[in-house]
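One letter stands for each residue in the lines below.
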Amino acid sequence: MGSAYALAPPNAAPKLYIYPMNPVIPTGAASVIIFDLLLDSDYDFLWDRITESHNLPYSIYLQDATRGRTLMGSPAAPIFNENIAGPGRLPYWLPKPVLIPRGTILSGTFSNRVAGGANTVVFSLVGKKVSR
Amino acid sequence: MNGQPCTTCGGRGAVANAATGSPEPCPNCESYLSGTVGLPFWYLFSQNPANPAAFALTALQANVGASVQIDNDSDFLCDRIIGSRTGAYNAYLKDNFSARLLSPSQNVPIADVNFVGTAQLPYWLPKPWLIKRTSTVQGFFTDTSGAGNTIQLILAGYKVT
């Protein structure tokens, strides 16, 4: 019966949770901004998809700052936004859900790919909180 | 992964340093973010795998080599191909570990629209493709757009041991 509900009862881990990284990349074709995301300390996070929205195309380089582990080959090779995430209706599903310990800091380096105004990006890690 | 949490870290992937109390990777298990099992990863084709970056073709430039080199820490299970570009191109891929070609002939390269998708709608491989650590996948790219072409081609999947 419980699995039919999108949200858990009060005081239980949320069945749906979204951690947004919402940097505003300054104007300029190669502007860069680093955004650090601190995961809540109440529960671990089971990450299963990525969604995003933006004003202008950008690149992203993701790493786990807590453990110094990268998710991509090199900072010199950030991934284009269209190759790592989609909108909510067509997200990028991770091949396997990833369990991220509570309190982890994920760091994203966002860079503009074209000139234009300030680029408001919302890059979201979607999943659910879990208790173990 | 036998479904049982690690007895050292309780499945958390990290333990407290006995001297300082600071978190550090669990020495006993390979759970996510202390090891590499299941770590999602994106490998880019690049003309210089040691320093990967999106590469560019000039108009109608033919058979430009670019490759992916898998990290030494884990094998890689590729389950989809993703990419974007500024113009159409053809590609011919070869698994250098097995010397196996991924299409019949370099004379008949495959158009990018026939084997590459985006993050939203990736090209799913019929079976995940296990690529051994440190091995390379070589690609030869030919521009068919008649204009400069910046390409980012990615093997997406996750690391396995």
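Every value quoted in this text rests on a predicted model; they were computed, and no experiment measured them.

Looking only at helices and strands, one finds 0 helices and 12 strands in chain B. When the elements of chain B are put in sequence order from the N terminus, they spell out β-β-β-β-β-β-β-β-β-β-β-β. Summarising the internal contacts of chain B: among those between residues at least 6 apart in sequence, 69% fall at separations of at least 24.

When its secondary structure is counted, chain A shows 0 helices and 11 strands. If you list the helices and strands of chain A from N to C, you get β-β-β-β-β-β-β-β-β-β-β. Relative to the globule expectation of 14 Å for 132 residues, the C-alpha radius of gyration of chain A, 16 Å, shows essentially globular dimensions. Along the three orthogonal principal directions, the C-alpha set of chain A runs to about 50 × 30 × 25 Å. Counting over 132 residues, chain A shows a buried share of 32%.

Take the interface of chain A and chain B next. At the junction of the two partners, chain A supplies 27 residues and chain B supplies 31 residues. Contributions of two or more residues to the side of chain A that touches chain B are made by β7 (79-80) and β8 (92-100) of chain A. The dominant element in the side of chain A that touches chain B, judged by the number of residues it contributes, is β8 of chain A, at 7 residues. Looking at the side of chain A that touches chain B residue by residue, the class counts come to 16 nonpolar, 5 polar and 6 charged.

This part is about unusual backbone geometry. Residues and elements named next belong to chain B. At A99, a position not held by glycine, the phi torsion is positive, near 55°. With respect to the helices, strands and loops of the structure, A99 is situated in the loop between β7 (89-95) and β8 (100-101). Although it is not a glycine, T134 sits at a positive phi angle of roughly 65°. Structurally, T134 can be placed in the loop between β10 (123-131) and β11 (136-143). You can call T134 exposed: it has 12 C-beta atoms within 10 Å.

Our focus in this paragraph is the sheet that holds strand β4 (residues 44-53) of chain A. Residue and element names in this part refer to chain A. A sheet is described by the order of its strands in space; here 4 strands give the open sequence β1-β11-β4-β8, paired in antiparallel fashion. The two strands at the open ends of the sheet, each matched to only one other strand, are β1 (17-21) and β8. Taken over all neighbouring pairs, the strand axes of this sheet differ in orientation by 30° on average, direction set aside.

It is worth spelling out the environment of P57 of chain A at this point. Residue and element names in this part refer to chain A. Counting through the fold element by element, P57 comes out in the loop between β4 and β5 (58-64). On the basis of neighbour counts, which here come to 14 C-beta atoms within 10 Å, the residue P57 falls in the partly exposed class. Excluding residues that lie within four positions of it along the chain, P57 makes contacts with F80, N81, R113 and V114.

Another point: the nonpolar core. In terms of nonpolar packing, the biggest core is built from 55 residues, with I60 and I84 of chain A together with W42, Y43, I154 and L155 of chain B touching the most fellow members. Of all the elements, strand β12 (residues 149-160) of chain B adds the most residues to this core, at 6 residues.

So, about the pairing of strand β11 (residues 122-130) of chain A. As a general feature of sheets, a regular strand has side chains that alternate between the two faces. The sheet contact formed by β1 of chain A and β11 of chain A spans 5 bridges and is antiparallel. Paired with I18 of chain A across the strands is V126 of chain A, a residue of β11 of chain A.

All right, on to the environment of L16 of chain A then. Checked against the element boundaries, L16 of chain A lands in the segment before β1. Placed 29 residues apart in sequence, L16 of chain A and F45 of chain A show a C-alpha to C-alpha distance of 10.0 Å.

Alignment of β4 of chain A against β11 of chain A, held across 9 bridges, turns out to be antiparallel. Residue pairing for β11 of chain A: W47 of chain A is matched across the bridge by G127 of chain A.

Inspection of the secondary structure puts S84 of chain B in strand β6 (residues 75-85). The spacing of S84 of chain B and I151 of chain B is 67 residues in sequence and 6.1 Å in space, taken between C-alpha atoms. If we ignore the near neighbours within four places in the chain, the residues touching S84 of chain B are F80, E82 and N83 of chain A together with T118 and Q152 of chain B.

This next bit is on the confidence of the model for chain B. Scored by pLDDT, chain B comes out at a mean of 84, with 83% of its residues at no less than 70. Listed scores for the predicted complex are pTM 0.82 and ipTM 0.82.

What counts as what
Residues numbered from 1 in each chain as written. Chains lettered and ligands numbered in written order. Predicted model: local features only at pLDDT ≥ 70, side-chain atom pairs only at ≥ 80, totals over all residues. Helix = DSSP H or I, 4+ residues; strand = E, 2+ residues; numbered from the N terminus. Contact = placed C-beta atoms within 7 Å. Rg over C-alpha atoms; globule rule 2.2 N^0.38 Å. Buried ≥ 20, exposed ≤ 12 C-beta atoms within 10 Å, placed from the backbone. Nonpolar A, V, L, I, M, F, W, Y, C, P; charged D, E, K, R; others polar. Pairing = 2+ DSSP bridges. Axes fitted to C-alpha atoms, helices over the stretch in contact; angles between N-to-C directions. Core = buried A, V, L, I, M, F, W, Y, C linked by C-beta atoms within 7 Å. pLDDT = per-residue confidence, 0-100.

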